[in-house]
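Close look at the chain arrangement
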Amino acid sequence: MNLCNIGQNFKYELEKLIRIFLPFEKITFFDTETPADRMAVVTRMPKGEIVNLSATVLLDGKKAAYSTELPQDTDDYEKTCERLLAIQLYRCFVELTGNVPQWGILTGVRPAKLDGRLRETLGEAETDRYFSEELMVDAHKISLCKEATAGEDAITSLSRPDSFSLYISVPFCPTRCHYCSFVSHSVAQAKKLIPQYVELLCREIRATAEIARKKHLHLETVYIGGGTPTTLSAEQLTAVMNTVRENFDLSDLREYTVEAGRPDTFTPGRMTAIKNGGATRISINPQTMQDAVLQEIGRKHTAKQTVEAFRMARQCGFHNVNMDLIAGLPGDTFESFCDTLQQVLALDPESVTVHSLSMKRASTLTADGRLPETQTALLAAKMVDYARKTLTENGIAPYYMYRQSKTVGNLENVGYAKKGFEGLYNVYIMDETHTILACGASAVTKLRQPDGDYISRIFNFKYPYEYIARFDEQLQRKEGIDAFYEEYPIPNQ
């Protein structure tokens, strides 16, 4: 598609808006009207004391055009122009596709954070009006935003200026799911790397703990994620978790999560190792309870194995279990998604996270050309609405929310939990509440200014073979933590 930006330079925000409707369309930018079969022309044209803001879209032989006017002396003139141009473009695509995204023109990943900030400054009624009239957000999403904001605020209030969380990456999986674009490697490909990876990971954990001690940081949560951490053997899991316990002060730890993940990796030995290692919360991620859909997305387990994994976790003494589901998977229908949710509820987990399918360019589904279209977006929206209604009715309420790019229907990911079982790390990482010290391949340390909003990042090497080969360089990067806290010291230390 040609995106012709005339008299304005909001091309990146307008591109993000177009991708709500056409996630994988190749977009070429022009600063003049350059005709094509698929074209969007977005124009800002001053006329005396006002400016005309218009959008015209040509798509599959159909055309739509919308425009509005704005006084040039308007407060926040540039931002208002950008928003109004986005609305005109949004209206064109709604008319041509029949898809009415429930989040309107909002493309940000943290709508609850925006909601909280606006409620502090504008108040309840004006924030609701702004979301509805200025951002075109559906009333159901506005109420979801409010619920998520309340849940997140309760959790972020627990954090202190010297708080941090620890993230440990295990970037291996039994197989690669077709929708996945994460930096993870199948065990078949990377099995020979795992022993050395675990050895070096433990070294990095020890070095990170030493830095945290010197800076007098206060550990709030631990999260071992991936990949699929349970691709490690019971002995390897024990080695990693013992290293955490022996080197970090866990006396005030609020939560210790292991993303156990794929049900086909569960064994009594691994579950016992995780429990004995100190985990207080695990996540079991079936994504769906429909065997045909599991096969379609490249999962090598069955719904029966999910049930067995859940029961195994209970038998090992886990009383805080999360389960992940995905709305919009290929081959899933509304009826089968509802059945999945009912099967999960029958297991009675403490929390359920409902993701909307996000299809990245690197995923197999995208490479195969199985891309989300308008009907898929509408179906996914129906699924997440059903999930919210059903989970809430069963006492499992939303407590955090975030969004990703190229998500089917421009929808959201929502964490639901019974009261007292909310996943704290989930909120801390998405809200950027406090520092996250990260270990392992592809992990990213996020350093949060103790009395401000500035964030600095330290990136670990992405791939396990690179992490192993350049490990000494990896440890040197950790020295950036010291430098950060020298520049941004923790108050009253």
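No experiment lies behind these values; they were computed from the predicted model shown. Here, residues in each chain are numbered from 1, in the same order as that chain's written sequence. Residues qualify for local features only when their pLDDT is at least 70, as the model is predicted, and side-chain atom pairs are given and counted only at 80 or more; totals for whole chains, interfaces and linings, by contrast, use all residues. To obtain the side-chain values, all non-hydrogen atoms of the structure were used and water was disregarded.

Each helix and strand counted, the protein chain has 18 helices and 18 strands in total. C-alpha atoms define the radius of gyration in this analysis, and the globule rule sets the expected value at 2.2 Å times the number of residues to the power 0.38. Taking 23 Å as the expected radius of gyration for a compact globule of 493 residues, we find that the protein chain reaches 24 Å, a close match to that expectation. Its C-alpha atoms give the protein chain principal-axis dimensions of roughly 70 × 55 × 45 Å. Expressed as a percentage of the 493 residues in the protein chain, the buried residues total 58%. The long-range fraction of contacts in the protein chain, counting pairs at least 24 apart against all pairs at least 6 apart in sequence, stands at 72%. Using a 1.4 Å probe, accessible areas were evaluated by the Shrake-Rupley method; residue-level cover was limited to the displayed protein chains. Here the protein chain has roughly 20,800 Å² of accessible surface; of this, 49% comes from carbon and sulfur atoms. Distance between charge centroids for the protein chain: 5 Å, based on 56 positive and 64 negative side chains. Labels follow the DSSP assignment, with helices taken as runs of H or I lasting at least four residues and strands as runs of E lasting at least two, numbered in each case from the N terminus. Think of it in three bands: with a 1.4 Å probe and only protein chains considered, a residue is buried below 20% of the maximum accessible area for its type, exposed above 50%, and partly exposed in between. A contact between two residues is defined here by any heavy atoms of the two lying within 4.5 Å. Positive charges are assigned to Lys and Arg, negative charges to Asp and Glu, while His and the chain termini are left out of the count. Taken as the charge location is NZ of Lys, CZ of Arg, CG of Asp or CD of Glu.

Looking now at the pattern of salt bridges. The term salt bridge refers to a side-chain nitrogen of Lys or Arg lying within 4 Å of a carboxyl oxygen of Asp or Glu. Scanning the model with the defined rule gives 34 salt bridges in all. Arg129 serves as the salt-bridge partner of Glu133, at 3.2 Å between the closest nitrogen and oxygen. With a gap of four residues between them, Glu133 and Arg129 both fall in helix H4 (residues 124-134), about one helical turn apart. A cluster of three or more residues bridged by salt bridges with shared partners is formed by Arg83, Glu126, Arg129, Glu133 and Glu134.

Moving on, we get to the confidence of the model for the protein chain. Along the chain, pLDDT gives the predictor's confidence residue by residue, from 0 to 100. On average, residues of the protein chain score 92 in pLDDT, and 94% of them reach the 70 mark or higher. Low confidence marks residues 361-372, where pLDDT is under 50. Its contacts with residues over four positions away, or in another chain, come to 31 contacts.

Attention now moves to the sheet that holds strand S1 (residues 2-6). Sheet architecture is open: five strands sit in the order S2-S1-S3-S4-S5, paired in mixed fashion. The open sheet is flanked by strand S2 (28-30) and strand S5 (62-71), the only strands paired with a single partner. For this sheet the average axis-to-axis angle between neighbouring strands, irrespective of direction, equals 15 degrees. Relative to S5, strand S4 (residues 50-59) is paired through 10 bridges, and the arrangement is antiparallel. Paired with Ser54 across the bridge in S5 is Ser67. Any two strands between which DSSP finds at least two bridges are classified as paired. Every axis in this analysis is a line fitted to C-alpha atoms, fitted for helices over the stretch in contact. Angles between the N-to-C directions lie between 0 and 180 degrees.

On to the pairing of strand S3 (residues 39-47). Looking at chain direction, S1 and S3 are connected through five bridges and run parallel. From the neighbouring strand, Asn2 faces S3, where its bridge partner is Met39. Here S3 pairs with S4 via nine bridges, running antiparallel. Note that in S4 the partner of Arg44 across the bridge is Leu53. Counting the residues in the hairpin turn of S3 and S4 gives two residues, including Gly48, whose phi is positive at 70 degrees.

Let us now look at unusual backbone geometry. Among all residues save glycine, negative phi is the norm, and among peptide bonds the norm is trans. Here Gly226 and Gly227 are connected by a cis peptide whose omega angle stands at 10 degrees. Counting through the fold element by element, Gly227 comes out in the loop between strand S9 (218-226) and helix H8 (234-247). Phi at His216 is positive, roughly 55 degrees, even though this residue is not glycine. Here His216 shows up in the loop between helix H7 (194-214) and S9. The phi angle at Asn410 is positive, at roughly 55 degrees, despite the residue not being glycine. Structurally, the position occupied by Asn410 is in the loop between strand S14 (397-402) and strand S15 (413-417). Residue classification places Asn410 among the buried residues on the basis of a relative accessible area of 9%.

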